[in-house]
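Read off the chains here:
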Amino acid sequence: MVIKVFLASSSGSTAIKKKQQDVVGFLEALKIDYAPLDIASNEDNRMWMRENVPGEKKPTNGIPLPPQIFNEEMYCGDYDTFFEAKEDNTVYEFLGLTPPPGSKEAQQAEKAQKLHNGSGTEEDLDDDTTKKDLVEAEQNGDAHTEEDSGEKAETDAQEENAEEKEPAEEDEESRKVAEEEEQEEGEEDRVEDNHLVSEEEEEQASEED
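Residues numbered from 1 in each chain as written. Predicted model: local features only at pLDDT ≥ 70, side-chain atom pairs only at ≥ 80, totals over all residues. Heavy atoms only, no water.

Participant: Help me understand the packing of aromatic side chains in this model?
Facilitator: Working definition: an aromatic ring pair is given by the centre-to-centre distance plus the angle between the planes. This model, assessed by the stated rule, comprises seven aromatic pairs. Between Phe 6 and Phe 70 the ring centres are 5.5 Å apart and the planes differ by 80 degrees, which places this aromatic pair in the edge-to-face class. Placement of Phe 6 in strand 1 (residues 3–7) and of Phe 70 in strand 3 (residues 68–71) is noted, with a sequence separation of 64 residues between them. When sorted by exposure, Phe 6 lands in the same class as Phe 70, which is buried. Judged by centre distance (5.0 Å) and plane angle (65 degrees), the rings of Trp 48 and Phe 70 are edge-to-face. Here Phe 70 lies in strand 3 and Trp 48 lies in helix 2 (residues 43–52), a separation of 22 residues in the sequence. (Phe/Tyr/Trp six-rings, centres within 6.5 Å; stacked < 30°, edge-to-face > 60°. Helix = DSSP H or I, 4+ residues; strand = E, 2+ residues; numbered from the N terminus. Buried < 20%, exposed > 50% of the residue type's maximum accessible area, 1.4 Å probe, protein only.)

Participant: Please explain the packing of helix 1 (residues 14–29) against helix 3 (residues 79–87) as it appears in this structure.
Facilitator: For any two helices packed against each other, one specifies the crossing angle of their axes together with the interaxial distance. As a packed pair, helix 1 and helix 3 sit with axes 11 Å apart at the nearest point and diverge in direction by 45 degrees. With respect to helix 3, the element helix 1 is oriented oblique. The two elements helix 1 and helix 3 cross, and the hand of that crossing is left-handed. Contacts from Lys 19, Asp 22, Val 23 and Phe 26 in helix 1 reach Tyr 79, Phe 82, Phe 83 and Lys 86 in helix 3. Among the residues making up the contact of helix 1 with helix 3, the classes are represented as five nonpolar, no polar and three charged. (Axes fitted to C-alpha atoms, helices over the stretch in contact; angles between N-to-C directions. Parallel < 35°, antiparallel > 145°, perpendicular 65-115°, else oblique. Left-handed = near helix turned anticlockwise from the far one by under 90°. Contact = heavy atoms within 4.5 Å. Nonpolar A, V, L, I, M, F, W, Y, C, P; charged D, E, K, R; others polar.)

Pasting the structure below:
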C-alpha cells in the first residue's frame, strides 16, 4: 500500500504551503513511505484528486484544495482530519496502516483491546490495589483520630474533676483549722474567767477577815 499525498508545488497560498509541509514533515518523521503527487504541474494528478475526493469533503465550489491524502485508492482525508488524527495519536489509523510495535498508537490500541475484552493489565490491577490500600489507610487514620480525640477529651475531663476536688479539700481543711482555733480561743476565755473568779473570791475573803 502506498500513501499518496496530493500537493501543489507552485501554490501562491502561504497557508496551503504550510499545511503541505506539516503533512509531509510528519510522515517523514514517522518514516512512513509516501508518494508526493503534484497537481500544479500534472493535470492527470489534478483530475484524479478531484474525482476521488468524496463529495461531502469538497468545498462549496466543488474543487478540493491540497493537501489531500489517499491510501492507494482509499480516501484518508484532508489537512484538518489529518491534524485531528495527529493530535489524537491516531495517524496510522487515519492512514489505514498498522501502527508499529512500541509506538504510542500501538500501545493505545493494545490497551483499548484489553479493556474491550474485560481484562486489565497487571499495572491496572496494581493501581486499583494501591488505591484500595490508600482508602483503607485513610479510613483507619480517621478512626485513630476519633479514638485519640475521645481519649483526650476523657483525660481533660478527669483533670478538670481533679482540679475541682482540690479546692474543695482545701476549703474543708481551712474549715477544720478555723474550728480548732475557735475551740482554743474558747478554752483560753474560760481559763481567764476562772482566774477572774478566783481573784474575786480571794478579795472577798480578805475583806471578811
